[in-house]
Structure formats: structure tokens, C-alpha cells
Amino acid sequence: MSQIQIIGGNRLSGHLRMSGAKNSLLPIMTACLMVRGTVYLHDVPKLTDLNQMLHILADLGCTVNQRGATVKIDVDELYTHIIDRQAAPKIRGSIFVMGALLARLGKVELPFPGGCAIGSRPIDLHLTLLRQIGVKCHCHGDTITAAYQPKPHRKPTVLCLDFPSVGATENIIQATALGIAGNTYIIHGVAKEPEVVDLCHFLNQCGAQIHGAGTDTITVHSVTQLHGTTYTPIPDRINTGSYLIAVAATGGDVTLTNTVPVHQINLLNKLKMLGAKITTTKDTIHIIMNRRHAAHFNVHTAPYPGFPTDLQSQFCVLTTLIKGHSIITENLFENRFRYVPELIKLGAKITVTGNQAQITSVPALSATPTPNLCPSSYHIPDPQSCTGTTITAHDLRGGVALVIAALTASGTTTIEHADYIYRGHEDIVKDLRQLGANIVALV
Ligand code: UD1
């Protein structure tokens, strides 16, 4: 069990470069299964989730080589349509293999996908869309099997999502991009997240014909073959947002490079309301936070361009520190407040009712127990037992929120189960040390 220890109170300052987006790279990697040839992916961070995905690809027959931040994936023949039973349940992204293998091999067998325990994470929208294009799907026990033989159509097949699910959109795009030339699929109500657009750019660069990415309707004209390419994914907008929130929470002066400021508009506007001075160029974001203003936020998580659920916990930490009363409503995943009891250990005042958190600001967070909670304080305080608080990460983004809280808190905070954080951050400790934080990784 890995731990991160932080002595809070330092302002953050300096420069930090963002790497490629995990949530782009997961579907892009599975899309490689549809390619005949070699794909070079640049700017690939070393994340446990991406390593698991590369393991799944290698197990299916791809040759995978990683040198620094570049991954080379050679796809000639695939050995099997059965996904490794050990690796798949560990990552949610394993579900994307479904669309890609159906397009390439016409069949797939996989265990139910895993991922962070942030909610029930059903796959009904994925299966409904796949069934509508003629895929025969069966779920038995913890296994999904599916078979598909596309037939030529004279008219476009029109599909519609009941909710703009990111994963279901990415899966149906993959299932239809490679197929019978002349077949057209018009998919309404799709997700507009930048990672969906990135997947479509990648596939188009491999020879696919996908139009409308980033709007509510995507049109896919199937092609019979996809070729290799070299591709750099978009920078990780969630990690970028997390670091911006960290600076807003600690105060400081930081420039983030390799970013896409337009992906952060929702967050940047909120940070400006708090008094952050923000300047952007095409690919950098400079944030200066000196004095935070009072503010009352009423934040609702929503599909892009709404406020991202993946930044909800980090933003909640910030709202505990700004004068005022804020409300955060989580509309996507029902288990996304598991970090709250941990923040309360640091002195936060948050009440959760259903999918809503009510936050009353506190002057500061503190990792040092108050004297009346420390038994030895009745006599002579014991410095060892009276300083430091241990809190536990329960998922990736909630874990990052705890890191931000600890950066602001006085005293020493130890975060247990830090391995969750490495699912999405190659080296959060190195990044934050570079910005001046007092942080170490304990193994
Ligand atoms: C992706 C991201 C995740 C992010 C989420 C929302 C990846 C690997 N993960 O997850 O980091 O938090 O988008 O931006 O890209 N739903 C159903 N049935 C389905 C599919 C989804 O009911 O078949 C529901 C989910 O329970 C959730 C909502 O739809 O309430 C959004 O899920 P979705 O957009 O599919 O998220 P993921 O693709 O799982």
C-alpha cells in the first residue's frame, strides 16, 4: 500500500508540463486493434491504467514497445477475441475493446469492466447501441459475449443515445468506423467531450470517415481498412484542472504548459470569480492566486461543456476554504463523495445528503488534532501523537482532492492508498515538488 506524506502550507510556483490525456489514450489504444500497420503514440504517461490496457493489447496479439513517452503498437494478426480475465476488470476502459474487436474480428468475449468504485457504472447504453446495429450480445455471470456480422445498407442507420455517455459514444464509433464501405451511421445525442473528439481525429488520421465530433450528432461512414499513423493525444484536461485548483487552494504563481485552455473554460471562469488572475496563450495557462474573494458556488456536474465530475472532489476542497456557503451536486456517479469523511478529519465542514454536498467554509484545514481530541494533551502534549493526520484515498480523483487538501493544511498529512492516484498521474509527487510543495512518496 503506497502512501504520500505532505507538510502543508507552501505556496506553489513555477512551471509544469501536462502530458497526454488518459481518457483519450484508453480508447485510442483500443482503436489500434482495428488498424493494419504500426501506430506510434507520443506523450503517453506511465499510468497503471494505460499499462493495463497495453497488457490487454499485447495479450490479444499486438506487439507493444514503449520508449520514454512514445508507445509503438504493431497490429498484424490478432490471436484471440477473448480479453484477459485478470486485466480487464481492473480498468473501466476495457469496455472499449468491445467495439474495436467486433469491428475487426466480428466477435468478442470479456469480463465486466472495472475502474474506480465511483458508482454502479452500468453498460446498458453500450449494449443498446451495439444491439441496434445488429450485434448479438449475451451477458452470463460476469462475462459478456458478442458477435457481429455487418450487412450492407442502402440507407443510413440512425441511432440515438438516451444520455451522452462518453464510453458508449466511443464504443459505437469504434464498432462502426471499420466495416462495409457505403454503410453510414448517424448517431444522435453523443458525448461532446474533447476525448471523444480526439478519438475521432485519431481514427480519421488512420483513414476513417467520421464527421461531427464535438457536436450532438456524429456521422460515421464505414471504411474497409484503417492504416497506421503517428499521433499525439490532447493534454490531460482533468490533471490540468486539478493543478489549477491546487494553486487556487494554496496560493501561488504557476504556468502550466501543453494545455488546451478552451477545454477549461468552465473551471477558469469559476477560479476568476475567486480572484485568480489567469492569462492564457494557445497552449499555456498562467494562474496567480494571491487573495481569494468570498464566493457562494452552486456547482452541478454535467457532461461537457458542463462542470466535469472528474474535478468535483478537487473543487470541493477549494470551496471549503473560500468564505461563503457552497453546494455541489453530483449528477453522474453516485459514490463520488467518499472523500468527504477524510476531509472532515482535516477540519472541513461538509454535509452530504444524497447527491448533494453542502459546504460551510472554514478558515483553514489542519492536520494537527485539536488539543481536546488528543488524549495526552490533558497532561504534557506528546508531539509524536499530537501531530499529523492519516486519511485514505478511495478513488483516483478523490485521492487527488485529498492531496490538494493536505497541501493547504497545517501539519503533516499522510494519504493512504495513494496507488489510486497513480492510475491517472504518472508522478504527482515529483510534479508538486517541482512547484515547491513539501511532499514525499512513502512505499
Ligand atoms: C468516462 C471517463 C470518466 C468520466 C466520465 C464522465 C474514461 C475512461 N472515463 O467514464 O473519467 O468521469 O466519462 O465524464 O473515459 N451510464 C449508464 N449506462 C451506460 C453507460 C453510462 O447508465 O451504459 C451512466 C453512468 O452510470 C454515469 C453516466 O452515464 O452516470 C456517465 O457515464 P459515462 O459518460 O459513460 O462515463 P464513462 O465512459 O464510464
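Residues numbered from 1 in each chain as written. Predicted model: local features only at pLDDT ≥ 70, side-chain atom pairs only at ≥ 80, totals over all residues. Heavy atoms only, no water.

Asker: Which residues make up the layout of surface pockets, and what values do they have?
Answerer: There is about 380 Å³ of room inside the second largest pocket. If you go around the second largest pocket, you meet 21 residues; those closest to its centre are Arg 17, Ser 19, Pro 45, Glu 426 and Asp 431. Of all the secondary structure elements, the ones that give two or more residues to the lining of the second largest pocket are strand E2 (12–17), helix H7 (237–250) and helix H13 (428–434). By residue number, the principal contributor to the lining of the second largest pocket is H13, which donates three residues. Residue composition of the lining of the second largest pocket, grouped by class: seven nonpolar, six polar and eight charged. Here the lining of the second largest pocket spans two domains, and each of domain 1 (3–18 + 235–442) and domain 2 (22–231) adds at least three residues to it. (1 Å grid on protein atoms, 1.4 Å probe; cavity = no way out; pocket = protein on both sides within 12 Å on 5 of 7 lines; lining within 4 Å. Points joined across faces, edges and corners; volume = space filled by probe spheres on them. Helix = DSSP H or I, 4+ residues; strand = E, 2+ residues; numbered from the N terminus. Nonpolar A, V, L, I, M, F, W, Y, C, P; charged D, E, K, R; others polar. Domains from an automatic or database assignment.)

Asker: I'd love a proper account of the pattern of salt bridges, names of residues and values included.
Answerer: One pass over the full model with this rule turns up 10 salt bridges. In this structure, the salt-bridge partner of Arg 36 is Glu 77, at a minimum N-O distance of 3.2 Å. Here Arg 36 is found in strand E3 (residues 35–41), whereas its partner Glu 77 is found in the loop between strand E5 (70–75) and helix H3 (96–105), with 41 residues between them in sequence. Take Arg 36: its relative accessible area is 40%, and that puts it in the partly exposed class. For Glu 77, a relative accessible area of 48% puts it in the partly exposed group. Salt-bridge contacts for Lys 192 lead to Asp 216; the nearest nitrogen and oxygen are separated by 3.1 Å. Taken as a pair, Lys 192 in the loop between strand E10 (184–188) and helix H6 (194–205) and Asp 216 in the loop between strand E11 (209–211) and strand E12 (217–221) lie far apart in primary sequence, 24 residues in all. (Salt bridge = Lys/Arg side-chain N within 4 Å of Asp/Glu carboxyl O. Buried < 20%, exposed > 50% of the residue type's maximum accessible area, 1.4 Å probe, protein only.)

Asker: A description of the site of the ligand should follow, citing residues and the corresponding values.
Answerer: Taken together, 18 residues form the shell around the ligand, and within it Asp 124, Leu 125, Ser 165, Asp 310 and Leu 332 come nearest. Pro 122 places a polar main-chain atom, nitrogen or oxygen, 3.2 Å from an oxygen atom of the ligand. With respect to the ligand, the side chain of Asp 124 contributes an N or O atom lying 2.7 Å from a nitrogen atom. Coverage of the ligand by the protein amounts to 88% of the 730 Å² it exposes when considered alone. For the shell around the ligand, the elements supplying multiple residues, two or more each, are helix H1 (22–31), helix H4 (124–132) and helix H5 (166–177). The element contributing the most residues to the shell around the ligand is H4, with three residues. In terms of residue class, the shell around the ligand is built from eight nonpolar, five polar and five charged. Counting contributing residues per domain, the shell around the ligand is built from domain 1 (3–18 + 235–442) and domain 2 (22–231), each supplying no fewer than three. (Near = heavy atom within 4 Å. Polar contact = N/O pair within 3.5 Å; in protein donor to acceptor, adjacent residues only side chain to side chain. Areas by Shrake-Rupley, 256 points an atom, 1.4 Å probe, with all protein chains shown as cover.)

Asker: Explain the side chain of Thr 320 residue by residue, including any values.
Answerer: Turning to its location among the elements, Thr 320 is positioned in helix H9 (residues 312–321). On the basis of relative accessible area, Thr 320 is assigned to the buried category, the value being 1%. A polar contact of 2.5 Å, which involves the side chain of Thr 320, links it to the backbone oxygen of Val 317. Once you skip the residues sitting within four places of it in the chain, Thr 320 turns out to touch Ala 348, Ile 350, Ile 359, Thr 360, Ser 361, Val 362 and Leu 365. (Contact = heavy atoms within 4.5 Å.)

Asker: Can you tell me about the packing of H1 against helix H2 (residues 48–60), naming the residues and giving the values?
Answerer: Here H1 crosses H2 at 0°, and the two axes come no closer than 10 Å. By the angle between their axes, H1 is roughly parallel relative to H2. Contacts from Lys 22, Leu 25, Leu 26, Met 29 and Thr 30 in H1 reach Asp 49, Leu 50, Met 53, Leu 54 and Leu 57 in H2. Grouping the amino acids of the contact of H1 with H2 by side-chain chemistry returns seven nonpolar, one polar and two charged. (Axes fitted to C-alpha atoms, helices over the stretch in contact; angles between N-to-C directions. Parallel < 35°, antiparallel > 145°, perpendicular 65-115°, else oblique.)

Asker: Account for the domain arrangement of the protein, with residues named and values stated.
Answerer: Structurally, the protein comprises domain 1 (3–18 + 235–442) and domain 2 (22–231). In this structure, domain 1 and domain 2 have C-alpha centres spaced 33 Å apart. Each partner contributes residues to the interface: domain 1 has 23 residues there, and domain 2 has 23 residues. Interface of domain 1 and domain 2: buried area, both sides summed, is about 1,900 Å²; carbon and sulfur atoms make up 50% of it. (Buried area = accessible area lost by both parts, 1.4 Å probe.)

Asker: Requested: an account of H5, with residues and values cited.
Answerer: Here H5 spans 17 Å end to end across 12 residues, near enough to the 16 Å set by a 1.5 Å rise per residue. Summarising burial for H5: 11 of the 12 residues are buried, a large majority. By the burial criterion, the buried members of H5 are Gly 167, Ala 168, Thr 169, Glu 170, Asn 171, Ile 172, Ile 173, Gln 174, Ala 175, Thr 176 and Ala 177. A side-chain oxygen of the first residue of H5 lies 3.5 Å from the backbone nitrogen of Gly 167; this N-cap is Ser 165. (Expected span 1.5 Å × (residues − 1).)

Asker: An account of the nonpolar core is needed here, citing residue identities and associated values.
Answerer: In this structure, Leu 41, Ile 73, Met 98, Phe 202 and Leu 203 are the most contacted members of the largest nonpolar core, which totals 74 residues. Broken down by element, this core gets its largest block of residues, seven residues, from H3. Apart from residues no more than four positions distant in its own chain, Leu 203 is found in contact with Ala 31, Met 34, Ile 173, Ala 177, Ala 208, Ile 210 and Leu 226. (Core = buried A, V, L, I, M, F, W, Y, C linked by side-chain atoms within 4.5 Å.)

Asker: I'd love a proper account of the environment of Leu 365, names of residues and values included.
Answerer: The residue Leu 365 is located in the loop between strand E20 (356–360) and helix H11 (383–386) in this model. Residue classification places Leu 365 among the buried residues on the basis of a relative accessible area of 2%. For the pair Leu 365 and Asp 198, spaced 167 residues apart in the sequence, the C-alpha separation amounts to 38 Å. Once you skip the residues sitting within four places of it in the chain, Leu 365 turns out to touch Thr 320, Leu 321, Leu 346, Gly 347, Ala 348, Ala 405, Thr 408, Ala 409 and Ser 410.

Asker: Break down the sheet that holds strand E18 (residues 325–329) for me, with residues and values.
Answerer: Judged by pairing direction, the sheet is mixed, and its four strands sit side by side in the order E17-E18-E20-E19 without closing on themselves. The open sheet has two edge strands, strand E17 (298–300) and strand E19 (349–353), and neither has a second partner. For this sheet, the mean angle separating the axes of adjacent strands, direction not counted, is 15°. Examined bridge by bridge, E18 and E20 share five bridges and lie antiparallel to one another. Its bridge partner lying in E20, Ile 328 is registered against Ala 357. The sheet contacts of H9 involve E17, E18, E19 and E20, and relative to E18 the element is tilted by about 170°. (Pairing = 2+ DSSP bridges.)

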